[in-house]
Amino acid sequence: MPSREAIIDAPASEAAAAQHHASHPGTSNLGDRLFNSTLWILGAMILVVAGLIVLNLAVAARPLAKDHSLWGFITETQWDPVEDRFGALTFLYGTLVTSMVSLILAVPVAIGLSLFITQFAPPKLGRVLTMPVELLAAIPSVVYGLWGLFIVVPWLRASVEPWLGKHLGWIPLFQGPPIGLGYLASSMILAVMILPTIVAVSVEVMKTTPEATREAALALGATKWEAVMMTVIPYSRAGIVGAVLLGLGRALGETMAVTMVIGNSPQISASLFAAGYSLPAVIANEFAEATSSVHVAALAGLGLILFATTFLLNAGARVLVNAVQRGPRRVSG
Amino acid sequence: MSPAPAVQIMPPEKPVPMVSAPQQQPPLAPEPETPFKVEVQDLNVYFRANHAIRHVTLGVKPQTVLAVIGPSGCGKSTFIRALNRMHDLVPGARVEGRVFVDGEDLYARGIDPVLLRRRVGMVFQRPNPFPTMSIYENVAAGLTLNGIGGNHAEIVEHCLRQAALWDEVKDRLRHAGTSLSGGQQQRLCIARALAVEPEVLLMDEPASALDPIATAKIEELIHELKEKYTIVIVTHSMQQAARVSDNTAFFYLGELIEMGPTAQIFTNPRERRTEDYVTGKFG
């Protein structure tokens, strides 16, 4: 029906453009300049705050530099506050493994759910479905931790891990005694925690796919599924990656829930069943008890590493997306 | 807009509709010598409580162009979208009645709308090339989709030539379809629709977003496509209907008021409302 087109027909947009032009006659307007500079200041504040955080952490980590090199700190696996030996690798490993496994668990579910909500479910059901998903985001992480401790961990120990060990035990990931607490438990909790973030953003992105292109695919004889794969997925690819990155950010930094179920044991193990440790967990656990200045500095150093990890992963993913996006969309006539 | 619509002043007594009321005449029996390519019997479309298309019955002969005209909101687009079951996907839409293509009822049980839409192609009001695909991929999209083998490059070239676009894009087939101008994009969409070799081509105001030169090209194209395809075109412009079509159907408020040879509709309509519309008294 023509009504949708009527909203954005040419004369209206021209009129809007003219109005836009009239209200911006250069920068001579005082109110305009004031507004403009306020926005500049607010924008700059973000960079200033981020910079100050890094700076403060770096200053706090200074004492560590006396007998630890940066590279040594990152690659050292020992963590012994009594002997003043500090290495971040076990914690970095735990953080990366739990985050990655949680993404592997959550992303397919999240994308499937988003597609169902936006493309396949009847509109009413789609709206109803988004509510519990958004509710998941509102649950405090300590509650997730309790749920993990009392429900997920016993279940993993009694059912899932023995089953995985029996059938997929030839893969190093699924070897060892089924403890329950550990990488797998943390990953599962994290997967549930990041799901609403990924779904919420993906749904918004998928909704922006122009209906006209979907109809074009259907008119060519595409099934509903094919039309989605031809139009919705390529169109919203960049946005979905952005959603996954938001989820990853949350998984990397999650402290409380992970602390409660990862087992808090500073060791590196190939098996997902094993107990481990993560960067935020060790900072939260040891900060109150850290007495020597070197210990405090080491914890600040872990904070810096966490910060850098998040930053590098985000930047790397952005570069990757830009490379993938260089399809025909970027080429102009 | 200034003269009040003549229709409203008209007495409520209903003039005998020529084609739109099947209960008053025997159903159109397909004549053996020239069977209809597309035949519509007592078609009704509802959007929830809104009865958008009312008891429309008409037929289109093969290799002819039917223009559908009428004021905005009269159901032209709704009608044409019923011909390839695009309403299936609109929540709340309901279609009653029968639409035959080559004697096969599209709305019968067991008809797969996906297979049907390959036989009945569609060009939309606004050019809608796939934004993430190149020019080449846009045309080849339907081939890949329907598992049509053969030399895709050849088919793409052939369709782009048919759509009178080849010379303009042959050196940049790998560029984005959306990098073309509006008129070129619409011809790209026509090429894309032709690639799956439909039997019927539906065009929903294909030139409404285009400038006069691009419009002229599309109209020329319709003349050429008529040799092979049966075309139903919705148009806003009565001049366009007069230029491209063999027959014209005039819709008003969801009803088919009158249908006949284009020359007759424009020079000697039987219905008062048709005359008022084509002479510009309302619409």
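Residues numbered from 1 in each chain as written. Chains lettered and ligands numbered in written order. Predicted model: local features only at pLDDT ≥ 70, side-chain atom pairs only at ≥ 80, totals over all residues. Heavy atoms only, no water.

Participant: Can you walk me through the overall build of chain A in this structure?
Facilitator: Within chain A one finds 13 helices and two strands. Here the contacts in chain A between residues at least 6 apart in sequence split such that 73% fall between residues at least 24 apart. Surface accessibility of chain A: about 17,700 Å² in total, with carbon and sulfur atoms responsible for 71%. (Helix = DSSP H or I, 4+ residues; strand = E, 2+ residues; numbered from the N terminus. Contact = heavy atoms within 4.5 Å. Areas by Shrake-Rupley, 256 points an atom, 1.4 Å probe, with all protein chains shown as cover.)

Participant: Is there a simple way to explain the overall build of chain B in this structure?
Facilitator: Counting its secondary structure elements, chain B contains 11 helices and 10 strands. In chain B, which comprises 283 residues, the share counted as buried stands at 56%. A separation of at least 24 residues holds for 67% of the contacts in chain B among residues at least 6 apart in sequence. In the structure as shown, chain B presents an accessible area of about 12,200 Å², 52% of it carried by carbon and sulfur atoms. (Buried < 20%, exposed > 50% of the residue type's maximum accessible area, 1.4 Å probe, protein only.)

Participant: Mind showing me how you'd approach a nonpolar patch on the surface here?
Facilitator: A grouping of Phe35, Leu39, Ile41, Leu42 and Met45 of chain A is seen on the molecular surface, where their side chains present a nonpolar patch of about 530 Å² in accessible area. Topologically, Met45 of chain A is positioned in helix H3 (residues 30-61). (Patch = residues over 30% accessible without salt bridge, like charges linked within 9 Å, V, L, I, M, F, W, Y side chains within 5 Å. Salt bridge = Lys/Arg side-chain N within 4 Å of Asp/Glu carboxyl O.)

Participant: Would you mind going over the pattern of salt bridges with me for this structure?
Facilitator: A side chain of one charge can pair with a side chain of the opposite charge when the charged atoms of the two come close. Counted by the stated rule, this structure contains 21 salt bridges over all chains. Put simply, Arg85 of chain A and Glu76 of chain A hold a salt bridge, and the shortest N to O gap is 3.5 Å. Using a relative accessible area of 41% as the deciding quantity, one classes Arg85 of chain A as partly exposed. Overlapping salt bridges bring together Lys37, Asp102, Glu104, Arg119 and Glu199 of chain B as one network.

Participant: How do you make sense of the pairing of strand E1 (residues 38-47) of chain B when you look at a structure like this?
Facilitator: Two faces belong to every sheet, and in a regular strand the side chains alternate between them. Residues and elements named next belong to chain B. Where burial is concerned, most of E1 is hidden: nine out of the 10 residues are buried. Pairing geometry for E1 and strand E2 (residues 50-60), over seven bridges, is antiparallel. Residue pairing in the sheet places Leu43 in a bridge with Val56 of E2. Hairpin connection between E1 and E2: a loop of two residues separates the two successive antiparallel strands, and Arg48 in this loop has a positive phi of roughly 50°. As judged from the eight bridges shared by E1 and strand E4 (residues 93-101), these two strands associate in the antiparallel manner. The residue of E4 that forms the bridge with Asn44 is Glu96. (Pairing = 2+ DSSP bridges.)

Participant: What is the right way to read the domain arrangement of chain A from this model?
Facilitator: By a widely used convention, the size of an interface equals the accessible area lost when the partners come together. All names here are of chain A. You can read the domains of chain A as domain 1 (4-60) and domain 2 (67-326). For domain 1 versus domain 2, the distance between C-alpha centres works out to 34 Å. Domain 1 puts seven residues into the contact, and the matching count from domain 2 is six residues. Taking both partners together, domain 1 and domain 2 bury about 510 Å²; carbon and sulfur atoms supply 82% of that area. Applying the counting rule to domain 1 against domain 2 returns zero salt bridges. (Domains from an automatic or database assignment. Buried area = accessible area lost by both parts, 1.4 Å probe.)

Participant: Is there a simple way to think about the interface of chain A and chain B in this case?
Facilitator: Listed by partner, the interface residues are 26 residues for chain A and 34 residues for chain B. Both sides together, the interface formed by chain A and chain B hides about 2,600 Å², and carbon and sulfur atoms give 68% of it. Across the pair Glu215 of chain A and Arg81 of chain B runs a salt bridge, and its minimum N-O distance is 2.7 Å. Of all the elements in the fold, those that place two or more residues in the side of chain A that touches chain B are helix H9 (211-219) and helix H10 (224-253) of chain A. In terms of residue count, H9 of chain A provides more of the side of chain A that touches chain B than any other element does, seven residues in total. For the side of chain A that touches chain B, the class distribution of residues is 15 nonpolar, six polar and five charged. (Nonpolar A, V, L, I, M, F, W, Y, C, P; charged D, E, K, R; others polar.)

Participant: Even after reading the chapter, I still don't get the confidence of the model for chain B, so can you show me in this structure?
Facilitator: Segments scoring low in pLDDT should not have their predicted coordinates read at a detailed level. Residue and element names in this part refer to chain B. When the pLDDT values of chain B are averaged, the result is 85; 88% of them are 70 or greater. Below a pLDDT of 50 lies the segment residues 1-18, which in the model reaches 17 contacts outside its immediate sequence neighbourhood of four places, other chains included. The ipTM for the predicted assembly is 0.80, set against a pTM of 0.77. (pLDDT = per-residue confidence, 0-100.)

Participant: Even after reading the chapter, I still don't get the packing of aromatic side chains, so can you show me in this structure?
Facilitator: Here a ring pair, both rings aromatic, is described through the centre-centre distance and the interplanar angle of the planes. Enumeration over the complete set of coordinates arrives at nine aromatic pairs over all chains. Note on Phe250 of chain B and Tyr252 of chain B: the rings are 6.5 Å apart at their centroids and 15° apart in plane angle, and the pair reads as stacked. Like Tyr252 of chain B, Phe250 of chain B is buried. One aromatic cluster is present, built from ring pairs that chain together Trp79, Phe86, Phe91 and Tyr277 of chain A. If you follow Arg94 of chain B out to its NZ or CZ, it ends over the ring of Tyr46 of chain B, 4.3 Å from the centre. The ring centre of Tyr136 of chain B lies 4.7 Å from the NZ or CZ of Arg174 of chain B, which sits over that ring. (Phe/Tyr/Trp six-rings, centres within 6.5 Å; stacked < 30°, edge-to-face > 60°. Lys NZ or Arg CZ within 6 Å of the ring centre and 35° of its normal.)

Participant: Honestly, the pairing of E4 of chain B in this entry has me stumped. Any pointers?
Facilitator: Residue and element names in this part refer to chain B. Relative to strand E5 (residues 104-105), E4 runs antiparallel, the two being bridged by two bridges. Within E5, the position partnered with Val101 by the bridge is Glu104. Where E4 folds back on E5, the antiparallel hairpin that results is connected by two residues, among which Asp102 adopts a positive phi of roughly 55°.

Participant: Help me understand helix H4 (residues 135-145) of chain B, please; the structure alone is not making it clear to me.
Facilitator: Residues separated by three or four positions in an α-helix point in the same direction, a consequence of the helix having 3.6 residues per turn. For H4 of chain B, a buried count of nine out of 11 residues is recorded, marking the element as mostly surrounded by other parts of the structure. Within the sequence span of H4 of chain B, burial applies to Ile135, Tyr136, Asn138, Val139, Ala140, Ala141, Gly142, Leu143 and Leu145 of chain B. Elements in contact with the buried residues of H4 of chain B: H9 and H10 of chain A together with helix H5 (152-162), helix H6 (166-169) and helix H7 (182-195) of chain B. Downstream of H4 of chain B by one or two residues, Gly147 of chain B has phi in the positive range, about 60°.

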